[in-house]
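Survey of secondary and tertiary structure
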Amino acid sequence: MASPKLLLQLCISSLHHITASVFSLVWRWTPGAFKGTDRTLEERKVQNATTPTSVNYHFTRKCNYKCGFCFHTAKTSFVLPLEEAKRGLRLLKEAGMEKINFSGGEPFLHDKGDFLGRLVQYCKQDLQLPSVSIISNGSMIKEKWFQTYGEHLDILAISCDSFDEATNQLIGRTQGSGRKSHLDNLYRIRSWCQQYKVAFKINSVINTFNVDEDMTEHIVELNPVRWKVFQCLLIDGENAGEVALREAERFVISDQQFQEFLDAHSSVSCLVPESNEKMRFLDCREGRKDPSKSILDVGVKNAICFSGFDEKMFLERGGKYVWSKADMKLDW
Ligand SMILES: C[S@@+](CC[C@H](N)C(=O)[O-])C[C@H]1O[C@@H](n2cnc3c(N)ncnc32)[C@H](O)[C@@H]1O
Ligand code: SF4
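Attention in this report is confined to the structure presented alongside it. Worth saying up front: this structure is predicted, and the values here are computed from it rather than measured. (Residues numbered from 1 in each chain as written. Chains lettered and ligands numbered in written order. Predicted model: local features only at pLDDT ≥ 70, side-chain atom pairs only at ≥ 80, totals over all residues. Heavy atoms only, no water.)

Structural notes on the site of ligand 2
Around ligand 2 sit C63, Y65, C67, C70, G105, N137 and R173, and that is every residue in its neighbourhood. Residue composition of the shell around ligand 2, by class: 4 nonpolar, 2 polar and 1 charged. (Near = heavy atom within 4 Å. Nonpolar A, V, L, I, M, F, W, Y, C, P; charged D, E, K, R; others polar.)

Given below as structure tokens:
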């Protein structure tokens, strides 16, 4: 079984918002640094390590939804203790982290959102990170959370793949019957973001069930700072292949279908497309997500070195943008 510490592989192994994280590479190469030495290739790789400017931290894999396409399935319920998680975050900050994004699983599930809130507060208040953000399905968020922690959060992204409840049921983006509707939650959270001055974002995964939907009207009404539109992606071992807990093949659309969806929404200026080609760029180059080393075990630089991060693709997919709410000039 994988070491629990792997869960704090805040970076390394994955595809951007999936498992672990994303780094912008700032080369620390000193010309001539290795001249005349007999350093090993591994040592050189460490020396040439990159800076983890932007990090995704998936501290839990547990979730209360059952989205059929999900590529981050609950293989373990382990969550690192708060102080250890903070230690990892401090190591990343010392290595150059500027942006942290909390994802999962569902990040508001553990400790009713308090664990997440404490990390958000720590990242903003103690580590003074310019950007602190969260991706959530929105189902567990209460107004009290905004009252307690909202001031420390720059961006909250809520995932919404359809504005039709029946389609959300088909996808599995729901808590089951009798519970609050996903769309009611979405609109409620949108107004709390306005009230508590948190920039609001939407993520949508385009798949066989929503590819023909016109979402323009709702997106314009909700007016997010960004609408990230993902082409449904398969990752071997997560949502495809023999050992996977989910089989997402029936959700997959072609590149052409994805392009047609983008064309149909070309009037939406906040739309940021994430094609499969763009997303598959860390350890997932082979369509797999292999665990990398834990920063708590090997340190940040070593962990990044073995992660296979692709800087060019990170920048091409808009990895760097205005990510602090103070710089957004939003009309709260
Ligand atoms: C794994 S979820 C975790 C956070 C939270 N539970 C949520 O759904 O927003 C992070 C993001 O990955 C997206 N996602 C999940 N499976 C995907 C897939 N197969 N292809 C593309 N994006 C996917 C989700 O829609 C969500 O926006
Ligand atoms: S809400 Fe859906 S996409 Fe997010 S972690 Fe849960 S099952 Fe996966």
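Once you've had a look at it, read on.
Section: helix α2 (residues 82-94)
For α2, spanning 13 residues, the distance from its first C-alpha to its last is 18 Å, which sits close to the expected 18 Å at 1.5 Å a residue. Every buried residue belonging to α2 is among L82, A85, K86, G88, L89 and L92, and all of these are buried. For α2, the buried positions fall inside an angular range of 160° around the axis, keeping them on one side. In α2, the exposed positions that point more than 90 degrees away from the buried face belong to E83 and E94. Among the residues trailing α2, G96 stands out with phi positive, at a value near 115°. (Helix = DSSP H or I, 4+ residues; strand = E, 2+ residues; numbered from the N terminus. Expected span 1.5 Å × (residues − 1). Buried < 20%, exposed > 50% of the residue type's maximum accessible area, 1.4 Å probe, protein only. Arc of directions from axis to C-beta.)

A few points about the pattern of salt bridges
Oppositely charged side chains are able to pair whenever their charged atoms sit close together. Counted under the stated rule, the structure contains 7 salt bridges. The partner of D161 in a salt bridge is R173, with the nearest N and O atoms 2.7 Å apart. Taken as a pair, D161 in the loop between β4 (155-159) and α5 (165-171) and R173 in the loop between α5 and α6 (182-195) lie far apart in primary sequence, 12 residues in all. E274 is the salt-bridge partner of K228, the closest N and O atoms lying 3.4 Å from each other. Taken together, the residues K228 in strand β6 (residues 226-231) and E274 in strand β7 (residues 271-274) connect sequence positions 46 residues apart. (Salt bridge = Lys/Arg side-chain N within 4 Å of Asp/Glu carboxyl O.)

Considering the packing of α2 against helix α3 (residues 114-126)
As a packed pair, α2 and α3 sit with axes 11 Å apart at the nearest point and diverge in direction by 35°. For the pair α2 and α3, the crossing hand works out as right-handed. When α2 is examined against α3, the residues L82, A85, K86, L89 and R90 are found in contact with a partner set consisting of F115, R118, L119, Y122, C123 and D126. Its residues assigned to classes, the contact of α2 with α3 shows 7 nonpolar, no polar and 4 charged. (Axes fitted to C-alpha atoms, helices over the stretch in contact; angles between N-to-C directions. Left-handed = near helix turned anticlockwise from the far one by under 90°. Contact = heavy atoms within 4.5 Å.)

Re the environment of W192
Looking at the secondary structure, you find W192 in helix α6. Between the C-alpha atom of W192 and that of K142, which follows or precedes it by 50 residues, the distance is 9.3 Å. Not counting the four nearest positions on each side in its chain, W192 is found in contact with I141, K142, E143, F146 and K197.

A look at the pairing of β7
Bridge analysis of β6 against β7 gives 4 bridges, and the strand direction is parallel. Paired with K228 across the bridge in β7 is V272. Note on the crossover from β6 through helix α8 (residues 255-264) to β7: the handedness is right-handed. (Pairing = 2+ DSSP bridges. Right-handed = clockwise from strand over helix to strand, strands pointing away.)

Some words on the sheet that holds strand β2 (residues 99-103)
The sheet built from 7 strands is open, its strands ordered β1-β2-β3-β4-β5-β6-β7 with parallel pairing. Looking at the sheet topology across the chains shown, the edges are occupied by β1 (54-58) and β7. Neighbour-to-neighbour, the strand axes of this sheet turn through a mean angle of 20°, independent of strand direction. Of the strand pairs in this sheet, β1 and β2 are connected by 5 bridges, and their pairing is parallel. Among the inter-strand pairings, Y57 is bridged to a residue of β2, identified as F102. Helix-sheet contacts for α6 involve β4 and β5 (199-206), and the interaxial angle to β4 is about 170°. Of the strands in this sheet, β5, β6 and β7 touch α8, which is tilted by about 160° from β6.

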